[in-house]
Amino acid sequence: MGRLPESTSDQADVQRVRSVADLILDLFRGRPGVIAAGFQDGERVGFRPREIDAPYISPQKFEKLHLSGKQALGFYLCDEDWTVWCSCVDFDNKDKEPDPEWQEKAEKTQQFLQGLGLDPVIEVSQSGCAAHVWLFFSQRIPAREVRLLWSLVSTKTGITHREVYPRSDSPRGDGLGNLCRYPLWNKSRFICTDHDWETAQDPVEVLSNASKVSIDQMRQIIGDLGGAPQKDGFEL
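The next point concerns the confidence of the model for the protein. On average, the protein scores 91 in pLDDT, and the residues at 70 or more come to 90%. The low-confidence segment residues 1-9 (pLDDT under 50) makes 25 contacts with residues lying over four places distant or belonging to another chain.

Here you go:
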């Protein structure tokens, strides 16, 4: 989309922003009861975990803080049992690790997933020089199974994934795990690969079309791609 309106009295714009907030919080869901709050302390910029009174932040507060550009917010991807509601692979084109093919890789990954009957969403990251290919689930799915799916996708496409979120099959230490910034902060935007990576003008349409994958559907796809369910610890 273009940038969301910072403030408006137009009821259509108000409803549009509220719909975006509802959809983002429904799809980009992480550990309940905690949120990552962005901060800037001099030259230090980062996130701190903050407990919240409800399982998830309200759309109204998300709109007021994150979508308005006032404060970046994020979520901790894995629940305590290391299951996830969503997952992505990250294609970066950083100065220290340039990858001029980042867009092509993201697009080919999207097309491969679509060929499997899935509805991935591509988000350009807040830096503007990376792409996240997202999948969303209808129930919490073990991180190791999600990572197995991405591993098989990488093998079939021949595209190496530098970063997969979740970043581990099981917990590491006592922390909250992987932090993901919510979309639509800074240069983050959803894009249309059919139109030369133009910014999607209606994020509501993009997110509304992102169907959620069931655990049975994902396990069937894993089997179809050559995954070994007994070896990997679950039944198809």
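Right, picking up where we left off after that structure.
For the structure on display, the rule yields zero disulfides. Not part of a disulfide, Cys86 finds its nearest cysteine sulfur in Cys180, a span of 6.6 Å. You can call Cys86 buried: its relative accessible area is 0%.

This part takes up the sheet that holds strand β2 (residues 44-51). Pairing is antiparallel in the open sheet, where four strands are placed in the order β2-β1-β3-β8. Unpaired on one side and paired on the other, β2 and β8 (179-181) mark the two borders of the sheet. Strand-to-strand twist in this sheet, taken as the mean axis angle between neighbours without regard to direction, amounts to 35°. Looking at chain direction, strand β3 (residues 73-76) and β8 are connected through three bridges and run antiparallel. Each residue of the ladder has a partner; that of Phe75, found in β8, is Cys180.

Take helix α3 (residues 102-115) next. Over its 14 residues, α3 extends 20 Å from the first C-alpha to the last, a length consistent with the 20 Å expected when each residue adds 1.5 Å. Taken together, the buried positions of α3 are Trp102, Ala106, Thr109, Gln110 and Leu113. Along the axis of α3, the buried residues cluster in a sector spanning 100°; they form a single face. Check the buried side of α3 and you find it contacts β4 (83-92), β5 (121-124), β6 (130-142) and α4 (143-157). One or two positions beyond α3, positive phi appears at Gly117, with a value near 90°.

Conventions we followed
Residues numbered from 1 in each chain as written. Predicted model: local features only at pLDDT ≥ 70, side-chain atom pairs only at ≥ 80, totals over all residues. Heavy atoms only, no water. pLDDT = per-residue confidence, 0-100. Contact = heavy atoms within 4.5 Å. Disulfide = S-S within 2.5 Å. Buried < 20%, exposed > 50% of the residue type's maximum accessible area, 1.4 Å probe, protein only. Pairing = 2+ DSSP bridges. Helix = DSSP H or I, 4+ residues; strand = E, 2+ residues; numbered from the N terminus. Axes fitted to C-alpha atoms, helices over the stretch in contact; angles between N-to-C directions. Expected span 1.5 Å × (residues − 1). Arc of directions from axis to C-beta.

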